[in-house]
Amino acid sequence: MVTFVCIAGKIPNRGIYSKRTARHRNSEHLAWHLSRHSPVRSFFKRQPLKMFSRKIRIAILVALAVCGSAPTIIESQTQRRSSTRSTRRRVRRPSRNRPPPVPAVRYSTPRSSDDLATTLGGLAGRIRSGMWGGMVVSLTRGDTLYAYNAGEEMLPASTMKLLTSAIAFDRFGPTYQFSTDALRDGPVGPDGTLNGNLYLRGDGDPALSGKFLPGGPSAPMNRLADLVAQKGIRHITGNVIGDASGFDDQKVPEGWLTRYLQASYAARVSALSLNENLVAVSVSPTSPGKPATVVLEPSTSAIPLVANVRTVAGGGARLGFRKQRDGTISANGSIGSRAGTRKYVYIVEDPASFTTGAFRNALIARGVRVDGGIQLGRTPSGAVKIASLLSPPLASMVAAMNRESINHYAELLFRNAARGPQRDAVGSVSNASALLDSFFATKVHADTSRLVFADGSGLSTLDRVTPRAQVQLLGYAHRADWGPWLHSSLPVAGDSELLRRRMRNTPAEGNLHAKTGTTNDVIALAGYVTAVNGEVLAFSFLYNGRDRWTAKSMIDVMSETLASFGR
């Protein structure tokens, strides 16, 4: 029994004993020796019965002493290991996605133009690398309050949308509406048969989506199909033909990086665009054991859909989507009966066909028989207009573009400005760039030698502006009759959209109206703010580089300082 007790307590954790002290090794040897040469064993062989009590007590005491030493050693080593583990947990490597710490800096309240310039310069000096440029002008007094690298070419990111907004307002006015038309090239019989083709003529309407119409992504084409059906057309013997000739054929502007092209913010460009040229594969469960419901949103005959999704019990989903080279989208897998609807969004490569196919499907859904398929072509000059779908006023679309920074809206408005209200020119980047260059030279009176306009959204890596040109543009807009609409289209600090979480609880909150610009290499902010003495200030802060978190923090503090400025 003595031997059992010692062995049971000898090595409770073999891993902890991988490195033993000399003392512990001696204790183990003693325990082993006692188990081999125990007084109990000797007693039964050689000693009389009266010696049993004394010697067994000695053996038990020695054995207990040896066994009692082991837990002490084990606990101490366990504590060391535990201590080591806890130390390792406290050492954390910085996450690559976590922004570096930026020292907290509070806005100041300068009371002279010199003090303001010094304060802004000191804040800019905290940015550790890259290129910084900025300019602040009082539109009330007409003097420059701050300028640093104001004439240097810089990437604008989405502050380019300020320029696109300006030429769109200048060309069309804030109440202008685009018109997507349905036209016929043949007669309509008494029975409602159109002996010919039906044309869908695009007008570059950015808002041809469910954003401004109830009913989801298919709402615009459903509405236009309703208007056609209301004209008494029941049967079309020809084709449904899409006309996207308002713009040129360049669907992707120069300078858009390849890695952008499958992202929703880099949708293709066309005069006949629908739902920002995005299509969703929607999968909804039915009953276990039955096929799931798989549809495209918006529904279109231009994109073949192959569905092999079954409904199973449960609430999960195992879905796979694939887009083939011919444009076919396939959906495979399973979806749980309690999973709800799952959606996967794709970029549409051929917007004009996509939109035309959606119009054809909408007609069929309303009982209009269509014998032909879909084609693309130019509307004949003698075609008769049947129905039109008007866009929201331009001011509403510019507000959505600037507040949500929608690149697709900017690209279409940029090209529409080149077409003009008379639609007497092709909507292309080259024509729009020439128009914007002329606008800056003749109306804004800015130096255009350092300005490059490769797109309307600022996503292109070829775009170049200067802080001075942006401030001059803001000054011109402030005096223009459409200026209030541009001003109200901009996000508001601490209150709306992209500035909702910035500059809260500061004098800039609810005061500063500005357009943001953000990419991997750009942080920018340009717009208006009112100083404490009532002066309206126009500013442009542009940063190109990788110290973006510091730049963003300093731009916010600069903006708050402008709101606190008084003289």
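Structure's up top.
The rules behind each value
- Residues numbered from 1 in each chain as written.
- Predicted model: local features only at pLDDT ≥ 70, side-chain atom pairs only at ≥ 80, totals over all residues.
- Heavy atoms only, no water.
- Salt bridge = Lys/Arg side-chain N within 4 Å of Asp/Glu carboxyl O.
- Helix = DSSP H or I, 4+ residues; strand = E, 2+ residues; numbered from the N terminus.
- Expected span 1.5 Å × (residues − 1).
- Buried < 20%, exposed > 50% of the residue type's maximum accessible area, 1.4 Å probe, protein only.
- Pairing = 2+ DSSP bridges.
- Axes fitted to C-alpha atoms, helices over the stretch in contact; angles between N-to-C directions.
- Contact = heavy atoms within 4.5 Å.
- Core = buried A, V, L, I, M, F, W, Y, C linked by side-chain atoms within 4.5 Å.

A look at the pattern of salt bridges
For the structure shown, the criterion picks out 18 salt bridges. Several salt bridges share partner residues, and in doing so they unite Arg141, Asp143, Glu535 and Arg567 into one network.

Describing helix α7 (residues 219-230)
Think of an α-helix as turning once every 3.6 residues; residues three or four places apart then point the same way. If you check α7, its first and last C-alpha atoms are 16 Å apart, about what 12 residues at 1.5 Å a residue would give, namely 16 Å. Buried within α7 we find Ala219, Pro220, Met221, Leu224, Ala225, Leu227, Val228 and Ala229. Gly232 sits one or two residues past α7 and shows a positive phi near 90°.

Points about the sheet that holds strand β4 (residues 193-194)
With respect to topology, three strands assemble into an open sheet ordered β4-β6-β14, the strand pairing being parallel. Where the open sheet ends on each side, the last strands, each with one partner, are β4 and β14 (369-370). Examined bridge by bridge, β4 and strand β6 (residues 235-236) share two bridges and lie parallel to one another. Bridge pairing links Thr193 to His235 in β6.

A few points about the sheet that holds strand β17 (residues 513-518)
Pairing within the open sheet is antiparallel, and its five strands lie in the order β2-β1-β19-β18-β17. Two strands close off the open sheet at either side, each with one partner strand: β2 (144-148) and β17. Between one strand and the next, the sheet's axes are offset by a mean angle of 5°, whatever the strand orientation. In terms of strand pairing, strand β18 (residues 522-530) meets strand β19 (residues 536-544) through nine bridges, oriented antiparallel. Looking at β19, one finds that Val522 is bridged to Asn544. Relative to the sheet, helix α12 (residues 467-479) contacts β1 (131-138), β18 and β19, its axis offset from that of β19 by approximately 150°.

Quick notes on the nonpolar core
Counting 57 residues, the largest nonpolar core has Leu163, Leu394, Leu436, Phe439 and Phe440 as the members making the most contacts within it. Going through the elements one at a time, β1, α6 (160-172), α9 (394-404), α10 (407-419), α11 (429-444), α12, β18 and β19 are the ones with two or more residues in this core. When residues of this core are assigned to their parent elements, the largest contribution, eight residues, is made by α6. If sequence neighbours within four positions are ignored, Phe439 has contacts with Ala166, Ile167, Asp170, Val444, Leu473 and Tyr476.

Regarding the pairing of β1
A large share of β1 lies buried, amounting to seven of its eight residues. Pairing of β1 with β19 involves eight bridges; the strand directions are antiparallel. Counted as the bridge partner of Met135 is Ser540 from β19. The pairing of β1 with β2 spans four bridges and is antiparallel. Its bridge partner lying in β2, Gly134 is registered against Tyr148.

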